[in-house]
Structures are given as structure tokens and as C-alpha cells.
Amino acid sequence: MLIFAIESSCDETSAAVVHADMNGKLTVLSEITASQVDKHRLYGGVVPEIASRAHTEAISRLAYESLTRAGITLSDTDAIAVTNRPGLIGALLVGVSFAKSAALTYKKPLVPVHHIHGHIAANYLVYPDLKPPFPALVISGGHTSLIDVRSYTDFVPIGRTRDDAAGEAFDKAARAMGMSYPGGAEMDRLARTGDKKAVKLPSAAIAGDTLDFSFSGLKTHVINYINTCGQRGITYNKEDLAASFTATVVDSILKRISAVLQLTGYGKIVIAGGVAANSHLRAALYQYAAEKNIGLFIPPLHLCGDNAAMIAAQGYHELVAGHTADASLNAFAG
Ligand code: KG4
Ligand code: ZN
């Protein structure tokens, strides 16, 4: 079975072709992603109108390119999957309209995919033996969610951020430190040479009987620290602040994972989303999993950020479950 997928929920336009064999083993035949980051950098964040326009300009070429690289045409596909929520509404509509017209023209099943479920499904592309149920933590620029994945298509939210997403906190703290958008990856690099105990910062794991996060206090603390240093005429050490910030985020995430595993009794954890690319977090997770004898599933770097291969992977499971849509399919911001 061949699944063609489109992703356009935020600032990455992506198209992919994934093959599913008789046993449901998934293989990426092609995946091509165009980042718009350079277009948004000037404004310090994603500008929705610019995103929609850039998706519109890129989508046909990317779709054509991904089909060509896979050596197929749209008539060879068995289904067309597309992210239809959550995300920037104008950006989502570009992908949804494209997928709808392709599905109508070629008479193919149209499969709507939830972006967060797609992030989780990135793991199926690299761990063919991974099967629900399991708990998953999705940490990206727009989302921080803990989900009990009961089956391939049954997702029960069990924790979330109450304010900023993990990646948003990385980007905002990085911006306050003078880095350009999105600063998460540069923060990662700076943190490698800093002292993680240099600056004391508040945990993002909310205390008490909850699995929720709050990253805004941590971000505000970083901004206040920078401002206080400025008022006192002190030059703060960027590497130390980056290392302290990163260590606090990592520690908060490990606390939540530990609580989830204890609460649910699962012996494994699945991680996904752009922040899962953080080298310090990955190292800490591998160490934690080895110490506690927990199964850890975390995508390779190229599948952590937004991409259409993960949408095809989840699209396959939605198709198998019969979750298809007709031409009335809409996009939803939330
Ligand atoms: O999953 P993603 O590509 O987009 C959303 O669905 O939001 O995640 C992008 C986020 C950005 O906030 C970016 O700064 C962050 O992932 N990110 C990182 C790293 N690489 C990307 N954050 C921390 N460390 C990294 N190495
Ligand atoms: Zn994403």
C-alpha cells in the first residue's frame, strides 16, 4: 500500500510517500521538506500570512518532487493523508485544499491526520516492533502533551502545558539571550560548554497531583535574570545560562516521565516533536531508560521536526481503521 502525505500546519511544507507492507511495516520511499524559517526569522517568530503564502508557493513542487523520487504518480497511491489540525488555520488550509483536490481528481481515499498523532507515529517508521498501548510525550514548538496511546487511533490526553510549549520556551529564552528564531538548536549547542548548576531556575513540572507542565515561569525567570544582570552592569555567561535552562527543562521532563510510568504502569515511553532533537535531553533519556530498564522510543533527528512521512505513517493507521473523509473536510486551528 502506498500512502502519499502532505504536512503544512506551521512553517514547514512537506510531502512524502510511505509504503506499508502486508504486516503494516512502514518504509519511507521519499520525504521532502521545505523550511520557511528564513522567511520568519526577521520577525522573531512565525507570521501566519507569510506561512500560508510560502506553503502555497512550495506545495505543488514538493508534491511532484516527492512522487518523482518515489518513482510513482498520484494514480499509483492508495490514499492521500493530510494534516488538518491543529496549527495555523491558513497554513493548514493550503495542505487540506491540495490533498482534497488530489483525492477528488484521482478518486483516492482522503485521510485527515492530527498533527500531534503524526509526531507520535514518526516512531513507527523507525521502530517496526513498537505497538500501542504506550504513553507518549510530544514536545514541540507549538505543543507539549502527554498522551496515553491506547491503540493506533485512540489517544487519551493525560497531561499538557498550561501556558508555553517546551519549544516555545526554548525559543523565547534564546531570543532574550540574543539568538535568532528559532533558537532551540543554538541553545542546545551553547549548553554543551556551560555549567548547568550556575543559575537556579524554577521547574516546569507543576507540583502536586497533576501531570501538567508550566514553562512560562521558567522563561520569565531567564528574562528577569538577564535584565537584572543588565541593571547591575554584570555580563552574564551565556553558556552557563543555556546549560542551566536546558538542565531545568530536562529535569522537569524526566520528573513527568517518571510520574507517568509510575501512574500508568507502562514499561516504555515514546518521545516525539522538535524538542526531542535536543542532545542533552536525548542523553538524559537514554541514561534514565537504561537505569530504570524502561523501553525508550525516540525518533532520529530528521524525524523529530515537522515532516510528511510521520503524517503518512499515522495516515496508514487511520486508513486501516476506516477513518477517511470526503470533500467537506475542513482544517481546524485547535
Ligand atoms: O516539531 P517542530 O518542528 O514544530 C512544531 O510542531 O512546533 O518543533 C520546533 C521546535 C522549535 O521550538 C525549535 O526551537 C525546537 O523544536 N528545537 C529544539 C531543538 N531543535 C529544534 N529545541 C531544543 N533543542 C534542540 N536541539
Ligand atoms: Zn510539529
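Residues numbered from 1 in each chain as written. Chains lettered and ligands numbered in written order. Predicted model: local features only at pLDDT ≥ 70, side-chain atom pairs only at ≥ 80, totals over all residues. Heavy atoms only, no water.

A. The arrangement of the pairing of strand E4 (residues 79-85) in detail. Here E4 lies mainly inside the structure; six of its seven residues are buried. With five bridges connecting them, E4 and strand E5 (residues 110-114) associate as parallel partners. Within the sheet, the bridge partner assigned to Val-82 lies in E5 and is Pro-112. (Buried < 20%, exposed > 50% of the residue type's maximum accessible area, 1.4 Å probe, protein only. Helix = DSSP H or I, 4+ residues; strand = E, 2+ residues; numbered from the N terminus. Pairing = 2+ DSSP bridges.)

B. Quick peek at the packing of helix H6 (residues 184-191) against helix H8 (residues 238-264). Orientation of H6 relative to H8, taken along the N-to-C sense of each, is 110°, at an axis distance of 8 Å. In terms of axis orientation, H6 runs roughly perpendicular to H8. Seen from H6, the contacting residues are Met-187, Leu-190 and Ala-191; seen from H8, they are Lys-238, Glu-239, Ala-242, Ala-243, Phe-245 and Thr-246. By residue class, the composition of the contact of H6 with H8 is six nonpolar, one polar and two charged. (Axes fitted to C-alpha atoms, helices over the stretch in contact; angles between N-to-C directions. Parallel < 35°, antiparallel > 145°, perpendicular 65-115°, else oblique. Contact = heavy atoms within 4.5 Å. Nonpolar A, V, L, I, M, F, W, Y, C, P; charged D, E, K, R; others polar.)

C. Looking closely at the nonpolar core. Grouped together as the largest cluster of nonpolar side chains are 49 residues, with contacts concentrated most on Met-177, Met-187, Phe-245, Ile-257 and Ile-271. Secondary structure elements with two or more residues in this core: strand E6 (134-139), helix H5 (166-176), H6, helix H7 (216-231), H8, strand E9 (268-272) and helix H9 (279-292). Here this core takes eleven residues from H8, the largest share from any one element. Look past the residues within four positions of Ile-271 in its chain and what remains in contact with it is Asn-123, Leu-137, Ile-139, Ile-257, Ala-276, Leu-285, Leu-296, Phe-297, Ile-298 and Pro-299. Of all hydrophobic cores here, the second largest spans 35 residues; its members include Leu-26, Leu-125, Val-138 and Met-310. (Core = buried A, V, L, I, M, F, W, Y, C linked by side-chain atoms within 4.5 Å.)

D. Representation of the coordination of the zinc ion (ligand 2) within the structure. Binding of the zinc ion (ligand 2) to the protein goes through His-115 (NE2), His-119 (NE2) and Asp-306 (OD), at separations of 2.0 to 2.1 Å. Taken in chain order, the donor set of the zinc ion (ligand 2) reads H-x3-H-x186-D. Remark: Asp-306 occurs in the loop between strand E10 (295-297) and helix H10 (308-320) and His-119 occurs in helix H4 (residues 115-126); sequence separation between them is 187 residues. The same class applies to His-119 as to Asp-306, namely buried. (Donors = N, O, S within 2.8 Å, 3.2 Å for Na, K, Ca; no water.)

E. Spotlight on the side chain of Glu-12. The residue Glu-12 is located in strand E2 (residues 12-20) in this model. Nearest to the buried, unbridged Glu-12 among oppositely charged side chains is Arg-41, at 9.3 Å. A distance of 3.1 Å separates polar atoms of two side chains, one belonging to Glu-12 and the other to Ser-35. If near-sequence neighbours (up to four positions away) are discounted, Glu-12 is found in contact with Glu-7, Thr-33, Ala-34, Ser-35, His-55 and Asp-306. (Lys, Arg positive; Asp, Glu negative; His and termini not counted. Salt bridge = Lys/Arg side-chain N within 4 Å of Asp/Glu carboxyl O. Polar contact = N/O pair within 3.5 Å; in protein donor to acceptor, adjacent residues only side chain to side chain.)

F. Structural context of the sheet that holds E9. Pairing in this open sheet of five strands is mixed, and the strands run E8-E7-E6-E9-E10 from one edge to the other. Bordering the open sheet on either side are strand E8 (154-160) and E10, each of which pairs with just one other strand. Averaged over all pairs of adjacent strands, the angle between their axes in this sheet comes to 25°, without regard to strand direction. In the sheet, E6 pairs with E9 via three bridges, with the strands oriented parallel.

G. Examining the environment of His-323 more closely. Note on placement: His-323 falls in the segment after H10. His-323 sits 314 residues away from Ser-9 along the chain, and the two C-alpha atoms are 20 Å apart. In this view, His-323 contacts Val-111, Pro-112, Thr-153 and Glu-318; residues no more than four positions away in its chain are not counted. At a separation of 2.7 Å, a polar atom in the side chain of His-323 contacts the side chain of Glu-318.

H. How the structure looks around the site of ligand 1. As a structural note, the neighbourhood of ligand 1 is formed by 19 residues, with Gly-141, Gly-142, Asp-171, Asp-188 and Asn-278 the closest of them. Within the contact set of ligand 1, an oxygen atom lies 3.3 Å away from a side-chain nitrogen or oxygen of His-115. Within the backbone of Gly-274, an N or O atom sits 3.0 Å from an oxygen atom of ligand 1. In the complex, the protein chains occlude 86% of the 560 Å² of accessible area that ligand 1 would expose alone. Among the elements of the structure, H4, H5 and H6 are those that each provide at least two residues to the shell around ligand 1. (Near = heavy atom within 4 Å. Areas by Shrake-Rupley, 256 points an atom, 1.4 Å probe, with all protein chains shown as cover.)

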